[in-house]
Amino acid sequence: MTREMRDNKGRRVVVVTGTGVVTSLGLGKNENWTKLTAGRSGIRRITRFPTEGLRTVIAGTVDCLDVGPYSAPALTIAMAMAAAQEALGEAAIGSAGSFPGPLYLATPPAELEWPQRRLLWEERAGDELTGYKRLLAAARASRHEELEEKFQFASAAEHLARRFGTRGLPVSVSTACASGATAIQLGVEAIRRGDADAALCIGTDSSVQLEALIRFSLLSALSTRNDPPELASRPFSKDRDGFVMAEGAGALILEAYDSARARGAAILGVVKGCGEKADDFHRTRSRPDGTAIIGAIRNAIEDAGVRPDEIDYINAHGTSTPENDKMEYLSLKAVLGDHLDKTPISSNKSMIGHTLSAAGAVEAVFSLLSISNGVVPPTINYRNPDPDIPMDVVPDTSRSASVRTVLSNSFGFGGQNASLVLAAL
Amino acid sequence: MRETPRDVWVTGIGLVSSLGEGVEAHAALLAPAAEPAPVLDEAAFAPYVVHPLAPIDLSKQIPKKSDQRQMEGWQRIGVYAAGLALTDAGIAGKPELLDRTGLVVAAGSGERDTSVDRTVLEKLDGREDTGLLAKEILPSALRPTLFLAQLSNLLAGNISVVHNVTGSSRTFMGEEMAGLAAAENAVRRIVAGQGELFLVGGSLNSEREDLLLGYELGRNLWRGPFRPVWARRQAGGGFVPGSVGAFLVLEARAHAEARGARPYARIAGVVSDRSNRATGEARASGLRLFQSLCGALPRAQLPVLSGASGVEPVTGEERGFLDDLRAEGFDPVVRAYGSLLGHGVEAHLATGLALAALAVSRGGFLPPSGGLDAEHRLDGSPGRVLVTSFGHWRGEGLALVEAAGGGEAR
């Protein structure tokens, strides 16, 4: 029996043996990677609900899965299922309905939406009660198991745990737009601790519903450049004006290196390091000096045990908001110094939009594809470079490059910052 | 159990509930002669009963009015309790410690403005045009700060902003399972050396019609008049939501000793699982967890702070689990703390852990609340307390809280 493989900090090495993805570009890695590296956009006009009168009427919706009448939880679950199925197929681990490890799920908060609220209201047509008293009367009068089941917070994880037979308590996590990276971090930590030999980590989000769109719009976070939709998301451009809401899911099978080797699994890459840091400056804005973002990036690189100049591609958070892209540049510059000038960086969000809770997982899947294929996807719509953000953003067309070590960033409301370092074995 | 430098010590407690605020107000519930009675509001949300939050002066922990305005009730309660815990642990206002304190929060849905929702529903009433919401109603009805009250991770976000906790920040969701995942995450990270210092907990604002609606859709709520948790079964069961903010500072023993912090207790372990909840499964899941966590304990009286919600059939399953402990040779002395404080859902386990730590450090225990034979008298004072968490829908978990050896207990 040989000694277990350890990293340079003496911890178990965590590898990826399967990945899966769904975005507005389509279902599965093949379709996504083909379109992503061809610079295609998945952003389109919203048809799911009437948008007349709204300032933003575009999004990266996922329309390729049939979930019956749309509800955020139904699509959230369906996308996660599809991504996980693809990842499990690739990893060929466990058996059907029996995955030998825990589930870590990044998922948006679940809540009743207007169609459901309106339905309850109308069940009591003619009732004198008003407001929530009337909705509660409807809830008392007849069973609403389907609503209850769908809009429980535990619901998405429960569906996945049942379908894939994951072990133990299914864990749902939210760190806003960093959630997908956090789900991966939870898996890495569990394997390093020896609590598990494998973990199923998923990020999924289908928040393109009317109220969520209006909320982000009221925070002035969204691009209003509706026409044509595919030109709206323009990370690092001088004329960027906000992010584009989008849907998607990414799934990764993490395993201890030795377990993966022992069963002869193909290894797609290593999750070398995870870093996080919370910001206390403001609920939606980061410290002007970037200390929290810098902290997250630095912590990830330190955790990975690599030097900053070993990073040879950055999969940016790159939301296309004026604030994020500037702060991300300043923070990267602070950590990578002159090495940043020589390092290609691109934002998948230029094509797929911002998949919110799923982004960290979706973009980790794409980062691993860059490592496997030696191709860096482009940042599209880069027509008007921001002179304050001088970086090699791989404009418009993808590029062949030897990519061994990737830094992937995810930042979110509530001062959430998480970064991952993914590498070739 | 053997003690190690990586023991998980409880070095700070922040509690605010229907029965008051702070360590002393809640330790008083455990005093030998205490006869605490639940504080209830049976009128405001009739037929539902809730335990309303005791009056608190928010500015003591959230000094800026602008911060208070940026939050809704559940966030204010949680931020307040988090501040109490940090102060109690001697961390508040110490940037060097706050900068590496990991924040682990259990949260549910954020809070909606129910009067806005009411206005919207009335405007929609009887009108067929599906474009109305977008065109006319929602853009003017909603306001930006509301969104930030609705995001689950914005309790953690507000704790970072108000109290400057910035080491890391993770929010777990999933009703009672959120509380379990949060506690288990912090404890396992400490034991494995993945962190030294954590602020763990959650909050619930029971005085919310939108919260009640979510749970009533599944017929999970108890409809008054009030009865203790174990006495609801004959009438179909149900939970009574209790407003609560519960945070604990958990710390590696060596880290606490180095800074001279004294422990209330140590958390010997947190274990969890998920069963499909067919008849008997939650009970069996509980027993398996018990055997892994407590199998080596002496067969004797075992104080149990039960997190039972009163929702059936799972509360019946927990009764069966407690019977199984007797069959294993233990004598569980049970208190369903939800009978006194209400059910705190995501924050319920943290509340139980805080009460257990106080019970161990002060040598007291809650008085019986009735409705269950196992709520009999405890001989002597509790050296350890088992805390149970059987989720009203999913998830089973147990935590064992013991007297902290070595350090001078508080």
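Criteria and cut-off values
- Residues numbered from 1 in each chain as written.
- Chains lettered and ligands numbered in written order.
- Predicted model: local features only at pLDDT ≥ 70, side-chain atom pairs only at ≥ 80, totals over all residues.
- Heavy atoms only, no water.
- Helix = DSSP H or I, 4+ residues; strand = E, 2+ residues; numbered from the N terminus.
- Rg over C-alpha atoms; globule rule 2.2 N^0.38 Å.
- Buried < 20%, exposed > 50% of the residue type's maximum accessible area, 1.4 Å probe, protein only.
- Contact = heavy atoms within 4.5 Å.
- Areas by Shrake-Rupley, 256 points an atom, 1.4 Å probe, with all protein chains shown as cover.
- Lys, Arg positive; Asp, Glu negative; His and termini not counted.
- Charge placed at Lys NZ, Arg CZ, Asp CG, Glu CD.
- Buried area = accessible area lost by both parts, 1.4 Å probe.
- Salt bridge = Lys/Arg side-chain N within 4 Å of Asp/Glu carboxyl O.
- Core = buried A, V, L, I, M, F, W, Y, C linked by side-chain atoms within 4.5 Å.
- Expected span 1.5 Å × (residues − 1).
- Domains from an automatic or database assignment.
- Disulfide = S-S within 2.5 Å.
- Axes fitted to C-alpha atoms, helices over the stretch in contact; angles between N-to-C directions.
- Parallel < 35°, antiparallel > 145°, perpendicular 65-115°, else oblique.
- Nonpolar A, V, L, I, M, F, W, Y, C, P; charged D, E, K, R; others polar.
- pLDDT = per-residue confidence, 0-100.
- Pairing = 2+ DSSP bridges.
- Phe/Tyr/Trp six-rings, centres within 6.5 Å; stacked < 30°, edge-to-face > 60°.
- Lys NZ or Arg CZ within 6 Å of the ring centre and 35° of its normal.

Student: How do you make sense of the overall build of chain A when you look at a structure like this?
Tutor: The helix and strand tally for chain A stands at 13 helices and 15 strands. What you see for chain A is a C-alpha radius of gyration of 21 Å, in line with the 22 Å of a compact globule of 425 residues. By principal-axis analysis of the C-alpha atoms, chain A measures approximately 70 × 55 × 40 Å. Expressed as a percentage of its 425 residues, the buried residues of chain A come to 67%. Sequence separation of at least 24 residues holds for 77% of the intrachain contacts in chain A that already meet a minimum separation of 6. Total accessible area on chain A stands at roughly 13,900 Å², and carbon and sulfur atoms take up 49% of it. Where the 46 positive side-chain charges of chain A centre and where its 50 negative ones centre are 1 Å apart.

Student: Just checking my understanding: could you explain unusual backbone geometry for this structure?
Tutor: Of note, the bond from Asp227 of chain A into Pro228 of chain A is cis; its omega dihedral lies within 30 degrees of zero at -5°. Here Pro228 of chain A shows up in the loop between helix H8 (210-218) and strand E8 (248-256). The omega angle of the peptide bond from Gly224 of chain B to Pro225 of chain B is 0°, so this bond is cis rather than trans. Mapping Pro225 of chain B onto the fold places it in the loop between helix H10 (209-216) and strand E6 (244-252). Residue Phe236 of chain A is not a glycine yet carries a positive backbone phi of 70°. Within the secondary structure, Phe236 of chain A is located in the loop between H8 and E8. Given the relative accessible area of 0%, Phe236 of chain A is considered buried. For Asn164 of chain B, which is not glycine, the phi dihedral falls at a positive 60°.

Student: Even after reading the chapter, I still don't get the interface of chain B and chain A, so can you show me in this structure?
Tutor: Where interface size is given, it is often the accessible area lost as the parts come together that is meant. Residue-level contacts link 81 residues of chain B with 72 residues of chain A. Carbon and sulfur atoms make up 62% of the surface buried where chain B meets chain A, a total of about 6,900 Å² over both sides. Taken together, the links from chain B to chain A amount to 13 salt bridges. A salt bridge links Arg283 of chain A to Asp67 of chain B; the nearest nitrogen and oxygen atoms lie 2.9 Å apart.

Student: I'm lost on the nonpolar core in this one. Help?
Tutor: As a rule of thumb, soluble globular proteins bury nonpolar side chains together. Residues Leu254 of chain A together with Leu250 and Val387 of chain B are the most contacted members of the largest nonpolar core, which totals 102 residues. Those residues in contact with Leu254 of chain A that lie beyond four places of it in its chain are Val14, Val15, Val16, Ile184, Gly187, Val188, Ile191, Asp197, Ala198, Ala199, Cys201 and Val271 of chain A. Counting 63 residues, the second-largest nonpolar core is a separate cluster that includes Ala59, Leu112 and Ala212 of chain A together with Val345 of chain B.

Student: Whenever I open this one, the environment of Trp393 of chain B confuses me. Can you help?
Tutor: With respect to the helices and strands, the residue Trp393 of chain B is situated in the loop between strand E10 (384-390) and strand E11 (396-402). Non-local contacts of Trp393 of chain B, meaning those with residues more than four positions away in its chain, are made with Glu149, Gln152, Ala154, Ser155 and Glu158 of chain A together with Arg277 of chain B.

Student: Help me understand helix H13 (residues 314-327) of chain B in this model?
Tutor: Residue pairs three or four apart in sequence face the same way in an α-helix, which turns once every 3.6 residues. Residues and elements named next belong to chain B. Its 14 residues give H13 an end-to-end C-alpha distance of 20 Å, which sits within 8% of 20 Å, the value for a rise of 1.5 Å per residue. Burial analysis of H13 places 10 of its 14 residues in the buried class, which makes it a mostly covered element. Within H13, burial applies to Val314, Thr315, Glu317, Glu318, Arg319, Gly320, Phe321, Leu322, Asp324 and Leu325. Tucked into the core, H13 has its buried residues touching helix H12 (281-294), strand E8 (301-306), strand E9 (331-336), E10 and E11. Where H13 ends, the next residue or the one after it, Gly329, has phi of about 100°, a positive value.

Student: Just checking my understanding: could you explain the domain arrangement of chain A for this structure?
Tutor: Split into domains, chain A comes out as domain 1 (14-111 + 153-423) and domain 2 (121-150). Taking only C-alpha atoms into account, the centre of domain 1 of chain A sits 38 Å from that of domain 2 of chain A.

Student: Just checking my understanding: could you explain the state of the cysteines for this structure?
Tutor: Joining two cysteines, a disulfide is a covalent bond between their sulfur atoms. What the rule picks out here adds up to zero disulfides over all chains. In this structure Cys201 of chain A is not part of a disulfide, and its nearest cysteine sulfur, from Cys274 of chain A, lies 9.4 Å away.

Student: Help me understand the packing of helix H3 (residues 114-123) of chain A against helix H4 (residues 131-141) of chain A, please; the structure alone is not making it clear to me.
Tutor: Any two packed helices are characterised by how steeply their axes cross, that is the angle between the axes, and by the distance between the axes. All names here are of chain A. For the pair H3 and H4, interaxial distance at closest approach is 8 Å and the crossing angle is 80°. What the angle tells us is that H3 and H4 run roughly perpendicular. Contacts between H3 and H4 involve Arg117, Leu120, Trp121 and Glu123 from the first element and Gly131, Tyr132, Arg134, Leu135 and Ala138 from the second. Considered class by class, the residues forming the contact of H3 with H4 number five nonpolar, one polar and three charged.

Student: What should I look at first to understand the confidence of the model for chain B in this one?
Tutor: Across chain B, pLDDT averages 95, with 99% of residues at or above 70. The ipTM value of the predicted complex is 0.98, and its pTM value is 0.98.

Student: I'm lost on the pairing of strand E3 (residues 102-106) of chain B in this one. Help?
Tutor: The side chains of a regular strand alternate, residue by residue, between the two faces of the sheet. Residue and element names in this part refer to chain B. For E3, the buried fraction is high: five of the five residues fall into the buried class. The side-chain alternation of E3 yields two buried faces, one formed by Gly102, Val104 and Ala106 and the other by Leu103 and Val105. As judged from the five bridges shared by E3 and strand E5 (residues 197-204), these two strands associate in the parallel manner. Across the sheet, residue Val105 finds its bridge partner in E5, namely Gly201. In this structure, E3 lies alongside strand E4 (residues 168-173), joined through five bridges in parallel fashion. Residue pairing for E4: Ala106 is matched across the bridge by Phe172.

Student: Can you walk me through the packing of aromatic side chains in this structure?
Tutor: One pair of aromatic rings is described through two measures. These are the centre distance and the angle between the planes. Within this structure, the stated rule accounts for eight aromatic pairs over all chains. Aromatic side chains Phe216 of chain A and Phe243 of chain A sit 5.3 Å apart centroid to centroid with 75° between the ring planes, which places their arrangement in the edge-to-face category. With Phe216 of chain A in helix H8 and Phe243 of chain A in the loop between H8 and E8, this pair connects stretches of sequence that are 27 residues apart. Both rings, one in Phe290 of chain B and one in Phe330 of chain B, keep their centres 5.1 Å apart while their planes meet at 90°; by these two values the pair is edge-to-face. With a gap of 40 residues between them, Phe290 of chain B in helix H12 and Phe330 of chain B in the loop between H13 and E9 connect regions that are remote in the sequence. Among the residues examined, Phe290 of chain B registers a relative accessible area of 1% and is labelled buried. Exposure remark for Phe330 of chain B: the relative accessible area of 4% places this residue in the buried category. Over the aromatic face of Trp121 of chain A sits the side chain of Arg134 of chain A, whose NZ or CZ is 3.9 Å from the ring centroid.

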